[in-house]
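Examining the three-dimensional arrangement
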Amino acid sequence: MSEDVILKSKENAARRALEFVKEGMIIGVGSGSTVRLFIELLSKEFDGVDLTFVAASYDSELNLIKQGFRLLPLYEVEKIDIAIDGADEVDPKGNLIKGGGAALTREKIIDYFAEKYCIIVDSTKLVSRLFQKHPIPLEVLPESWTFVKNFLETNLRGDAKLREAVRKNGPVITDNGNFILDFHVNPNVEKPPELLEEYLNSIPGVIENGIFARRKPFKIIVGYPNRVEVLDM
Ligand code: 5RP
């Protein structure tokens, strides 16, 4: 699929998600190019409407500020009415891999604590099984990264790589000041996503991992160039 077709598909998914936005809501937004489109469309359709936002990354925060939206830190809100987020992989049961943009920790806080969350993706994100196309991103405390890498490679026999930055020397530093390990799962040692999500977070030094399986989105909006499909979970 060409970049233009993918962009159009993302835009269609993002546009459909506008129907869940209502005046007075506190809305959590994730991060990434599809969420960016959602914020742009919101600014056109909901200009002057009373909305409050919490965001999962500096990128989303800056985009919300640019569009003139009211933004609060996460600890300033008592609830999140709905969260809208993207994903890197979506399986038929609504299990996700996220963290391509290194924002997985705050994304999971927002998506899991929101009353409900909705995923917006283009159709290239649909997979029959997770972990075949993308590694699992893990946000790790910088001091711990070699121990976590060795632990993963010894106990799960996969391959864990420190994510390297582009246009900066050295590793990617997350918005929280940590490193990202991208863990390529060994298909022979695969666990169900819910169990793997829990297991990875039990490793000392791991702050969060990019499997979103323990809490499912209430809707997954899949964008195609000329239509959308809304999956109820
Ligand atoms: C960032 C994420 C994003 O939601 C995911 O990478 C999808 O991004 P895009 O909408 O650009 O395809 O998890 O950490």
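Rules used throughout
Residues numbered from 1 in each chain as written. Predicted model: local features only at pLDDT ≥ 70, side-chain atom pairs only at ≥ 80, totals over all residues. Heavy atoms only, no water. Domains from an automatic or database assignment. Contact = heavy atoms within 4.5 Å. Buried area = accessible area lost by both parts, 1.4 Å probe. Salt bridge = Lys/Arg side-chain N within 4 Å of Asp/Glu carboxyl O. Polar contact = N/O pair within 3.5 Å; in protein donor to acceptor, adjacent residues only side chain to side chain. Helix = DSSP H or I, 4+ residues; strand = E, 2+ residues; numbered from the N terminus. Nonpolar A, V, L, I, M, F, W, Y, C, P; charged D, E, K, R; others polar. Expected span 1.5 Å × (residues − 1). Buried < 20%, exposed > 50% of the residue type's maximum accessible area, 1.4 Å probe, protein only. Near = heavy atom within 4 Å. Areas by Shrake-Rupley, 256 points an atom, 1.4 Å probe, with all protein chains shown as cover. Pairing = 2+ DSSP bridges. Axes fitted to C-alpha atoms, helices over the stretch in contact; angles between N-to-C directions. Phe/Tyr/Trp six-rings, centres within 6.5 Å; stacked < 30°, edge-to-face > 60°. Lys NZ or Arg CZ within 6 Å of the ring centre and 35° of its normal.

Note: interface size is frequently given as the accessible area lost on complex formation between the parts. Each assigned domain of the protein chain is listed here: domain 1 (3–125 + 214–232) and domain 2 (136–210). The gap between the C-alpha centroids of domain 1 and domain 2 is 24 Å. Contacts between the two partners involve 17 residues from domain 1 and, on the opposite side, 16 residues from domain 2. Summing the contributions of domain 1 and of domain 2, the shared interface buries around 1400 Å²; its carbon and sulfur component is 49%. Where domain 1 touches domain 2, the interface holds 4 salt bridges. Between Glu197 and Lys108 there is a salt bridge whose closest N-O contact spans 2.8 Å. If you look at where domain 1 meets domain 2, you find 11 residue pairs in polar contact (both at pLDDT 80 or more). When contributions to the side of domain 1 that touches domain 2 are tallied by element, the ones reaching two or more residues are β6 (96–97) and α4 (104–113). A per-class count over the side of domain 1 that touches domain 2 returns 6 nonpolar, 6 polar and 5 charged.

Turning next to helix α1 (residues 3–17). When the terminal C-alpha atoms of α1 are compared, their 21 Å separation across 15 residues agrees well with the 21 Å that a helix rising 1.5 Å per residue should span. Among the structural elements, α2 (33–45), β4 (82–85), β7 (117–122), β13 (219–223) and β14 (228–232) are those in contact with the buried residues of α1.

Unlike most non-glycine residues, Ala102 shows phi in positive territory, near 65°. As for its placement among the helices and strands, Ala102 is situated in the loop between β6 and α4. Its relative accessible area of 13% is what places Ala102 among the buried residues. The phi torsion at Arg167 lies on the positive side, around 65°, for a residue other than glycine. Checked against the element boundaries, Arg167 lands in the loop between β9 (159–162) and β10 (179–184). Classification of Arg167 by relative accessible area gives exposed; the value is 88%.

Attention now moves to the pattern of salt bridges. What the rule picks out here adds up to 17 salt bridges. Where Glu11 meets Arg15, a salt bridge forms, and the shortest distance between an N and an O atom there is 3.0 Å. One end of the pair, Glu11, and the other, Arg15, are both in helix α1, 4 residues apart, so they sit about a helical turn from each other. Put simply, Lys108 and Glu208 hold a salt bridge, and the shortest N to O gap is 2.9 Å.

Neighbouring the ligand are 17 residues; Ser33, Thr34, Asp88, Gly99 and Lys125 lie closest to it. A distance of 2.8 Å is found between an oxygen atom of the ligand and a backbone nitrogen or oxygen belonging to Gly99. Contact with the protein chains covers 91% of the free accessible surface of the ligand, which is 380 Å². Here the shell around the ligand is composed, by residue class, of 3 nonpolar, 8 polar and 6 charged.

Quick look at the sheet that holds strand β1 (residues 26–29) now. As summarised here, the arrangement of the 7 strands in space is β3-β2-β1-β4-β7-β13-β14, forming an open sheet in which the pairing is mixed. Among the strands making up the open sheet, the edge pair consists of β3 (70–71) and β14. For β4 and β7, the ladder comprises 3 bridges, and the chain directions are parallel. Bridge pairing in β7 links Ala83 to Tyr117. α1 contacts β4, β7, β13 and β14 of the sheet and is inclined by roughly 160° relative to β7.

Our focus in this paragraph is the packing of aromatic side chains. Under the definition given, this model contains 5 aromatic pairs. Each ring, one from Phe20 and one from Phe218, has its centre 5.3 Å from the other, and the planes form 70°; the classification is edge-to-face. In this pair, Phe20 is assigned in the loop between α1 and β1 and Phe218 in the loop between β12 (211–212) and β13, connecting sequence segments 198 residues apart. Measuring from ring centre to ring centre gives 6.4 Å for Tyr112 and Tyr117, while their planes differ by 40°; the resulting arrangement is tilted. The pair formed by Tyr112 and Tyr117 is uniform in burial state, with each residue classed as buried. Cluster of aromatic residues (ring-pair linked, three or more members): Tyr112, Tyr117 and Phe212. Above the plane of the ring of Phe218 lies Lys116, whose end atom (NZ or CZ) is 4.8 Å from the centre.

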